[in-house]
Amino acid sequence: MVRRVPSGCYKRHVSKQISSMTGFARSEGLIGPLGYVFEVRSVNGRGLDLRLRLPPGFDALEPFIREQAGTALKRGNVTVNLAIKREESPRIALDQAALDQALELALGLAARIPGAAPPRAEALLALPGVMRAITEEAGEAVGEQRQIVLRAAFTQALDQLVAARAAEGVRTVAMLVHQLDEIAALREQAISLAAGQPAMQRARMLDQLQALLREVPGLPEERIAQEVALLAARSDVREELDRLGAHIEAARALLAEGGAVGRRFDFLTQEFVRETNTLCSKSASVPLTAVGLRLKSVIEQMREQVQNIE
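Residues numbered from 1 in each chain as written. Predicted model: local features only at pLDDT ≥ 70, side-chain atom pairs only at ≥ 80, totals over all residues. Heavy atoms only, no water.

1. Details of the overall build of the protein chain
Let me state the cut-off plainly: Going along the chain from the N terminus, every DSSP run of H or I of four or more residues is numbered as a helix, and every run of E of two or more is numbered as a strand. Whether a residue is buried, partly exposed or exposed follows from its accessible area with a 1.4 Å probe, protein chains only, as a fraction of its type maximum: under 20%, in between, or over 50%, in that order. The contact definition used throughout considers only heavy atoms, calling two residues in contact when any of these lie within 4.5 Å. For the area figures, the Shrake-Rupley method with a 1.4 Å probe applies, and any residue is considered shielded solely by the protein chains shown.
Each helix and strand in the protein chain was counted, giving 9 helices and 6 strands. Counting all 310 residues of the protein chain, 37% fall into the buried class. Summarising the internal contacts of the protein chain: among those between residues at least 6 apart in sequence, 80% fall at separations of at least 24. Surface accessibility of the protein chain: about 18,000 Å² in total, with carbon and sulfur atoms responsible for 55%.

2. Looking at the environment of K85
Within the element layout of this structure, K85 appears in strand β4 (residues 76-86). Relative accessible area serves as the criterion here: at 53%, K85 is assigned to the exposed category. In this structure, the C-alpha to C-alpha distance between K85 and L34, residues 51 residues apart in sequence, is 5.6 Å.

3. Quick notes on the sheet that holds strand β3 (residues 48-53)
Counted only if it meets this: Two strands qualify as a pair provided that DSSP identifies no fewer than 2 bridges between them. Axes, fitted as lines to C-alpha atoms, cover a helix only where it is in contact. Angles between the N-to-C directions of the axes lie from 0 to 180 degrees.
In spatial order, the strands read β1-β2-β4-β3; together these 4 strands make up an open sheet with mixed pairing. Pairing within the sheet leaves two strands with one partner each, and these edge strands are β1 (23-31) and β3. Sheet twist, expressed as the mean angle between neighbouring strand axes with direction ignored, is 10°. Note that strand β2 (residues 34-43) and β4 share 10 bridges and pair antiparallel. Across the sheet, E39 pairs through a bridge with N81, a residue of β4.

4. Re the pairing of β4
Put simply, the rule reads: By convention a crossover is right-handed if, when the strands point away from the viewer, the path from the first strand over the helix to the second runs clockwise.
With 6 bridges connecting them, β3 and β4 associate as parallel partners. Counterpart to R53 in the pairing with β4 is N81. Once the chain exits β3 it traverses helix α1 (residues 62-72) before rejoining the sheet at β4, and the crossover so formed is left-handed.

5. Structural notes on the side chain of R187
On the secondary structure map, R187 appears in helix α4 (residues 140-194). The class of R187 is buried, set by a relative accessible area of 15%. Discounting residues that sit within four places of it in the chain, R187 has contacts with L241, D242, L244, G245, I248 and L295.

6. Observations concerning the packing of helix α8 (residues 262-282) against helix α9 (residues 286-306)
Going by this rule: Every angle not falling under 35 degrees, over 145, or within 65 to 115 is termed oblique; those three ranges are roughly parallel, roughly antiparallel and roughly perpendicular. By definition, turning the near helix anticlockwise from the far helix through less than a right angle yields a left-handed crossing, and turning it clockwise yields a right-handed one. Here the nonpolar group is Ala, Val, Leu, Ile, Met, Phe, Trp, Tyr, Cys and Pro; Asp, Glu, Lys and Arg are the charged ones; every other residue, Gly included, is treated as polar.
Contact geometry for α8 and α9: axes closest at 9 Å, N-to-C directions at 165°. Regarding the angle of α8 to α9, the classification is roughly antiparallel. Viewed along their axes, α8 and α9 form a crossing whose handedness is left-handed. Each of G262, F265, D266, T269, Q270, F272, V273, T276, N277, L279 and C280 in α8 lies in contact with α9, whose residues at this interface are L288, T289, G292, L293, L295, K296, I299, M302, R303 and V306. Among the residues forming the contact of α8 with α9, the class breakdown is 11 nonpolar, 7 polar and 3 charged.

7. Quick look at the packing of helix α7 (residues 238-257) against α8
Their axes nearest at 10 Å, the elements α7 and α8 cross at an angle of 160°. Judged by the inter-axis angle, α7 sits roughly antiparallel to α8. For the pair α7 and α8, the crossing hand works out as left-handed. In this structure, α7 uses E240, L241, R243, L244, H247, I248, A250, A251, L254, L255 and E257 to contact α8, whose residues at the interface are R264, F265, L268, E271, F272, E275, T276, T278, L279 and K282. Here the contact of α7 with α8 is built from residues that sort into 11 nonpolar, 3 polar and 7 charged.

8. Some thoughts on the pairing of β1
For β1 and β2, the ladder comprises 9 bridges, and the chain directions are antiparallel. Within β2, the residue paired with E28 across the bridge is V37. Hairpin connection between β1 and β2: a loop of 2 residues separates the two successive antiparallel strands, and G32 in this loop has a positive phi of roughly 65°.

What follows is the structure, given as C-alpha coordinates:
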(Lines give C-alpha, C1' and ligand atoms only; values in the text may rest on other atoms or scores of the structure.)
Protein backbone atom coordinates (compact mmCIF):
# COMPACT_ATOMS: atom_id res chain seq x y z
CA MET A 1 0.00 0.00 0.00
CA VAL A 2 1.49 3.32 -1.04
CA ARG A 3 1.29 6.10 1.54
CA ARG A 4 -0.04 9.44 0.39
CA VAL A 5 2.12 12.53 0.70
CA PRO A 6 1.51 16.12 -0.34
CA SER A 7 3.22 17.42 -3.43
CA GLY A 8 5.44 19.83 -1.49
CA CYS A 9 9.16 19.63 -0.88
CA TYR A 10 10.83 16.43 0.22
CA LYS A 11 11.54 16.89 3.95
CA ARG A 12 13.49 14.67 6.30
CA HIS A 13 15.59 14.99 9.42
CA VAL A 14 19.04 16.21 8.43
CA SER A 15 21.50 13.48 9.39
CA LYS A 16 25.28 13.31 9.54
CA GLN A 17 25.16 9.75 8.27
CA ILE A 18 27.71 9.01 5.56
CA SER A 19 25.93 7.38 2.64
CA SER A 20 27.07 5.35 -0.31
CA MET A 21 26.13 6.38 -3.84
CA THR A 22 25.08 2.82 -4.70
CA GLY A 23 21.53 1.63 -4.15
CA PHE A 24 18.31 0.29 -5.65
CA ALA A 25 14.64 0.75 -4.76
CA ARG A 26 11.32 -0.37 -6.20
CA SER A 27 7.72 0.70 -5.62
CA GLU A 28 4.68 -0.73 -7.36
CA GLY A 29 0.89 -0.71 -7.19
CA LEU A 30 -2.37 -0.15 -9.06
CA ILE A 31 -4.31 2.90 -10.15
CA GLY A 32 -7.63 1.50 -11.29
CA PRO A 33 -6.89 -0.73 -14.31
CA LEU A 34 -3.31 0.55 -14.58
CA GLY A 35 -0.37 -1.11 -12.87
CA TYR A 36 2.76 0.90 -12.23
CA VAL A 37 6.34 0.10 -11.20
CA PHE A 38 8.86 2.71 -10.10
CA GLU A 39 12.51 1.57 -10.12
CA VAL A 40 15.27 3.87 -8.90
CA ARG A 41 18.93 2.92 -9.34
CA SER A 42 21.98 4.82 -8.13
CA VAL A 43 25.68 4.36 -8.87
CA ASN A 44 28.84 6.41 -8.41
CA GLY A 45 29.02 9.87 -9.96
CA ARG A 46 31.04 13.04 -9.70
CA GLY A 47 27.88 15.07 -9.07
CA LEU A 48 24.13 14.42 -9.10
CA ASP A 49 23.01 13.23 -12.53
CA LEU A 50 19.29 12.36 -12.81
CA ARG A 51 18.05 10.36 -15.78
CA LEU A 52 14.29 9.87 -16.07
CA ARG A 53 12.49 7.30 -18.19
CA LEU A 54 8.79 8.13 -18.11
CA PRO A 55 6.14 6.69 -20.46
CA PRO A 56 4.29 9.05 -22.82
CA GLY A 57 1.63 11.07 -21.03
CA PHE A 58 3.41 11.07 -17.66
CA ASP A 59 5.87 13.89 -18.31
CA ALA A 60 4.10 16.07 -15.73
CA LEU A 61 5.80 14.00 -13.02
CA GLU A 62 9.30 15.11 -14.05
CA PRO A 63 9.49 18.43 -12.11
CA PHE A 64 8.32 16.73 -8.91
CA ILE A 65 10.78 13.84 -9.29
CA ARG A 66 13.72 16.16 -9.96
CA GLU A 67 12.85 18.38 -7.02
CA GLN A 68 12.49 15.51 -4.56
CA ALA A 69 15.61 13.65 -5.74
CA GLY A 70 17.66 16.85 -5.75
CA THR A 71 16.71 17.48 -2.12
CA ALA A 72 17.31 13.94 -0.85
CA LEU A 73 20.49 13.11 -2.80
CA LYS A 74 23.72 15.03 -3.22
CA ARG A 75 25.79 12.87 -5.58
CA GLY A 76 25.41 9.84 -7.84
CA ASN A 77 24.19 8.82 -11.28
CA VAL A 78 20.52 8.14 -10.59
CA THR A 79 18.11 6.51 -13.04
CA VAL A 80 14.36 6.71 -12.43
CA ASN A 81 12.20 4.36 -14.50
CA LEU A 82 8.40 4.30 -14.48
CA ALA A 83 6.62 1.40 -16.21
CA ILE A 84 2.85 1.48 -16.78
CA LYS A 85 0.79 -1.47 -17.89
CA ARG A 86 -2.92 -2.22 -18.08
CA GLU A 87 -3.82 -5.02 -15.68
CA GLU A 88 -7.11 -5.96 -17.41
CA SER A 89 -8.07 -6.51 -21.05
CA PRO A 90 -9.42 -3.41 -22.76
CA ARG A 91 -13.13 -3.30 -23.60
CA ILE A 92 -14.10 -3.27 -27.25
CA ALA A 93 -17.00 -1.64 -29.06
CA LEU A 94 -18.59 -1.87 -32.49
CA ASP A 95 -18.02 1.01 -34.90
CA GLN A 96 -21.46 1.05 -36.50
CA ALA A 97 -20.50 3.35 -39.35
CA ALA A 98 -17.51 1.17 -40.27
CA LEU A 99 -19.71 -1.97 -40.12
CA ASP A 100 -22.38 -0.43 -42.37
CA GLN A 101 -19.77 0.55 -44.92
CA ALA A 102 -18.13 -2.91 -44.85
CA LEU A 103 -21.51 -4.65 -45.13
CA GLU A 104 -22.55 -2.49 -48.09
CA LEU A 105 -19.31 -3.26 -49.90
CA ALA A 106 -19.55 -6.99 -49.14
CA LEU A 107 -23.17 -7.28 -50.31
CA GLY A 108 -22.40 -5.34 -53.49
CA LEU A 109 -19.48 -7.63 -54.24
CA ALA A 110 -21.56 -10.78 -53.52
CA ALA A 111 -24.27 -9.56 -55.89
CA ARG A 112 -21.72 -9.28 -58.69
CA ILE A 113 -20.42 -12.82 -58.19
CA PRO A 114 -22.85 -15.59 -59.29
CA GLY A 115 -23.46 -18.15 -56.54
CA ALA A 116 -21.47 -16.20 -53.96
CA ALA A 117 -22.54 -16.73 -50.34
CA PRO A 118 -23.66 -13.70 -48.35
CA PRO A 119 -20.98 -12.18 -46.08
CA ARG A 120 -20.59 -13.87 -42.69
CA ALA A 121 -20.86 -11.84 -39.50
CA GLU A 122 -17.52 -13.00 -38.03
CA ALA A 123 -15.71 -12.07 -41.26
CA LEU A 124 -17.18 -8.57 -41.16
CA LEU A 125 -16.30 -8.11 -37.49
CA ALA A 126 -12.70 -9.15 -38.21
CA LEU A 127 -12.21 -6.36 -40.72
CA PRO A 128 -9.88 -3.56 -39.54
CA GLY A 129 -11.73 -0.66 -37.94
CA VAL A 130 -15.06 -2.47 -37.40
CA MET A 131 -14.21 -3.29 -33.79
CA ARG A 132 -12.16 -0.85 -31.70
CA ALA A 133 -10.80 -0.76 -28.18
CA ILE A 134 -12.44 1.65 -25.78
CA THR A 135 -9.75 3.93 -24.43
CA GLU A 136 -10.42 5.42 -21.05
CA GLU A 137 -10.11 9.17 -21.27
CA ALA A 138 -9.02 10.34 -17.86
CA GLY A 139 -10.85 13.43 -16.76
CA GLU A 140 -9.21 16.18 -14.75
CA ALA A 141 -10.16 14.57 -11.42
CA VAL A 142 -8.89 11.14 -12.47
CA GLY A 143 -5.66 12.65 -13.78
CA GLU A 144 -5.00 14.47 -10.50
CA GLN A 145 -5.65 11.27 -8.55
CA ARG A 146 -3.06 9.45 -10.64
CA GLN A 147 -0.59 12.25 -10.00
CA ILE A 148 -1.09 11.97 -6.24
CA VAL A 149 -0.63 8.20 -6.22
CA LEU A 150 2.43 8.22 -8.47
CA ARG A 151 4.07 11.02 -6.51
CA ALA A 152 3.57 9.05 -3.33
CA ALA A 153 4.96 5.94 -5.02
CA PHE A 154 8.08 7.79 -6.11
CA THR A 155 8.55 9.26 -2.63
CA GLN A 156 8.32 5.75 -1.20
CA ALA A 157 10.95 4.48 -3.67
CA LEU A 158 13.15 7.48 -2.89
CA ASP A 159 12.89 6.74 0.86
CA GLN A 160 13.96 3.17 0.19
CA LEU A 161 16.88 4.32 -1.97
CA VAL A 162 18.09 6.74 0.72
CA ALA A 163 17.87 3.92 3.31
CA ALA A 164 19.77 1.52 1.03
CA ARG A 165 22.51 4.06 0.40
CA ALA A 166 22.75 4.79 4.13
CA ALA A 167 23.05 1.07 4.98
CA GLU A 168 25.79 0.65 2.39
CA GLY A 169 27.44 3.76 3.82
CA VAL A 170 27.62 2.15 7.28
CA ARG A 171 29.48 -0.82 5.84
CA THR A 172 31.79 1.45 3.86
CA VAL A 173 32.65 3.57 6.91
CA ALA A 174 33.49 0.46 8.92
CA MET A 175 35.86 -0.63 6.16
CA LEU A 176 37.44 2.84 5.97
CA VAL A 177 38.04 2.88 9.73
CA HIS A 178 39.77 -0.48 9.48
CA GLN A 179 41.92 0.69 6.56
CA LEU A 180 42.92 3.89 8.37
CA ASP A 181 43.95 1.82 11.39
CA GLU A 182 46.07 -0.37 9.11
CA ILE A 183 47.66 2.68 7.47
CA ALA A 184 48.46 4.13 10.92
CA ALA A 185 50.10 0.85 12.00
CA LEU A 186 52.19 0.71 8.81
CA ARG A 187 53.22 4.33 9.35
CA GLU A 188 54.52 3.42 12.82
CA GLN A 189 56.58 0.63 11.25
CA ALA A 190 57.93 3.06 8.68
CA ILE A 191 58.88 5.55 11.40
CA SER A 192 60.87 2.86 13.20
CA LEU A 193 62.61 1.71 10.02
CA ALA A 194 63.34 5.25 8.81
CA ALA A 195 64.83 6.52 12.08
CA GLY A 196 68.40 5.58 11.14
CA GLN A 197 68.08 5.97 7.37
CA PRO A 198 69.92 9.35 6.99
CA ALA A 199 72.90 8.14 9.07
CA MET A 200 73.01 4.86 7.14
CA GLN A 201 72.90 6.73 3.85
CA ARG A 202 75.64 9.12 4.96
CA ALA A 203 77.95 6.31 6.12
CA ARG A 204 77.36 4.32 2.94
CA MET A 205 78.07 7.25 0.65
CA LEU A 206 81.18 8.25 2.63
CA ASP A 207 82.58 4.76 2.21
CA GLN A 208 81.93 4.90 -1.52
CA LEU A 209 83.48 8.36 -1.86
CA GLN A 210 86.55 7.45 0.14
CA ALA A 211 87.11 4.58 -2.23
CA LEU A 212 86.71 7.03 -5.11
CA LEU A 213 89.21 9.45 -3.53
CA ARG A 214 91.80 6.76 -3.31
CA GLU A 215 91.42 6.16 -7.03
CA VAL A 216 90.99 9.82 -8.06
CA PRO A 217 92.93 12.02 -5.62
CA GLY A 218 92.58 15.79 -5.60
CA LEU A 219 88.79 16.07 -5.14
CA PRO A 220 87.99 18.68 -2.41
CA GLU A 221 86.85 16.75 0.65
CA GLU A 222 84.80 19.67 1.98
CA ARG A 223 82.68 19.82 -1.18
CA ILE A 224 82.27 16.07 -1.10
CA ALA A 225 81.10 16.24 2.52
CA GLN A 226 78.53 18.87 1.57
CA GLU A 227 77.17 16.72 -1.24
CA VAL A 228 76.99 13.72 1.08
CA ALA A 229 75.07 15.73 3.65
CA LEU A 230 72.65 16.98 0.96
CA LEU A 231 72.01 13.48 -0.37
CA ALA A 232 71.49 12.17 3.15
CA ALA A 233 68.96 14.94 3.85
CA ARG A 234 67.11 14.08 0.67
CA SER A 235 66.76 10.50 1.88
CA ASP A 236 65.12 11.63 5.12
CA VAL A 237 61.46 10.52 4.99
CA ARG A 238 60.39 11.87 8.37
CA GLU A 239 58.63 14.84 6.78
CA GLU A 240 56.55 12.55 4.53
CA LEU A 241 55.66 10.37 7.51
CA ASP A 242 54.64 13.44 9.54
CA ARG A 243 52.36 14.61 6.74
CA LEU A 244 50.95 11.10 6.38
CA GLY A 245 50.07 11.18 10.09
CA ALA A 246 48.29 14.51 9.59
CA HIS A 247 46.33 13.05 6.67
CA ILE A 248 45.23 10.09 8.82
CA GLU A 249 43.87 12.47 11.46
CA ALA A 250 42.14 14.56 8.77
CA ALA A 251 40.49 11.43 7.34
CA ARG A 252 39.24 10.40 10.78
CA ALA A 253 37.87 13.90 11.29
CA LEU A 254 35.92 13.64 8.04
CA LEU A 255 34.40 10.33 9.13
CA ALA A 256 33.43 11.91 12.45
CA GLU A 257 31.94 14.92 10.67
CA GLY A 258 29.76 12.74 8.44
CA GLY A 259 27.39 13.94 5.74
CA ALA A 260 28.42 14.45 2.12
CA VAL A 261 32.21 14.32 2.60
CA GLY A 262 33.02 12.17 -0.41
CA ARG A 263 34.60 14.90 -2.54
CA ARG A 264 36.89 16.12 0.24
CA PHE A 265 37.82 12.57 1.23
CA ASP A 266 38.65 11.71 -2.37
CA PHE A 267 40.98 14.73 -2.58
CA LEU A 268 42.59 13.68 0.72
CA THR A 269 43.34 10.19 -0.60
CA GLN A 270 45.35 11.81 -3.40
CA GLU A 271 47.54 13.36 -0.70
CA PHE A 272 47.95 9.92 0.88
CA VAL A 273 49.13 8.58 -2.47
CA ARG A 274 51.55 11.47 -2.99
CA GLU A 275 53.29 11.05 0.38
CA THR A 276 53.55 7.28 0.00
CA ASN A 277 55.03 7.56 -3.50
CA THR A 278 57.67 9.94 -2.17
CA LEU A 279 58.37 7.60 0.75
CA CYS A 280 59.04 4.71 -1.63
CA SER A 281 61.21 6.80 -3.95
CA LYS A 282 63.38 8.04 -1.03
CA SER A 283 63.62 4.69 0.73
CA ALA A 284 67.16 3.34 1.07
CA SER A 285 66.32 -0.01 2.64
CA VAL A 286 64.41 -3.08 1.49
CA PRO A 287 62.27 -3.32 4.67
CA LEU A 288 61.18 0.34 4.41
CA THR A 289 60.38 -0.07 0.73
CA ALA A 290 58.27 -3.15 1.56
CA VAL A 291 56.29 -1.14 4.13
CA GLY A 292 55.87 1.67 1.59
CA LEU A 293 54.49 -0.74 -0.99
CA ARG A 294 52.07 -2.18 1.54
CA LEU A 295 50.97 1.36 2.37
CA LYS A 296 50.30 2.03 -1.31
CA SER A 297 48.18 -1.12 -1.55
CA VAL A 298 46.01 -0.28 1.46
CA ILE A 299 45.64 3.36 0.38
CA GLU A 300 44.51 2.27 -3.08
CA GLN A 301 41.90 0.00 -1.49
CA MET A 302 40.76 2.91 0.67
CA ARG A 303 40.55 5.17 -2.36
CA GLU A 304 38.25 2.72 -4.12
CA GLN A 305 35.90 2.77 -1.14
CA VAL A 306 36.03 6.56 -0.82
CA GLN A 307 34.95 7.00 -4.45
CA ASN A 308 31.70 5.26 -3.53
CA ILE A 309 30.60 7.61 -0.73
CA GLU A 310 28.34 10.58 -1.25
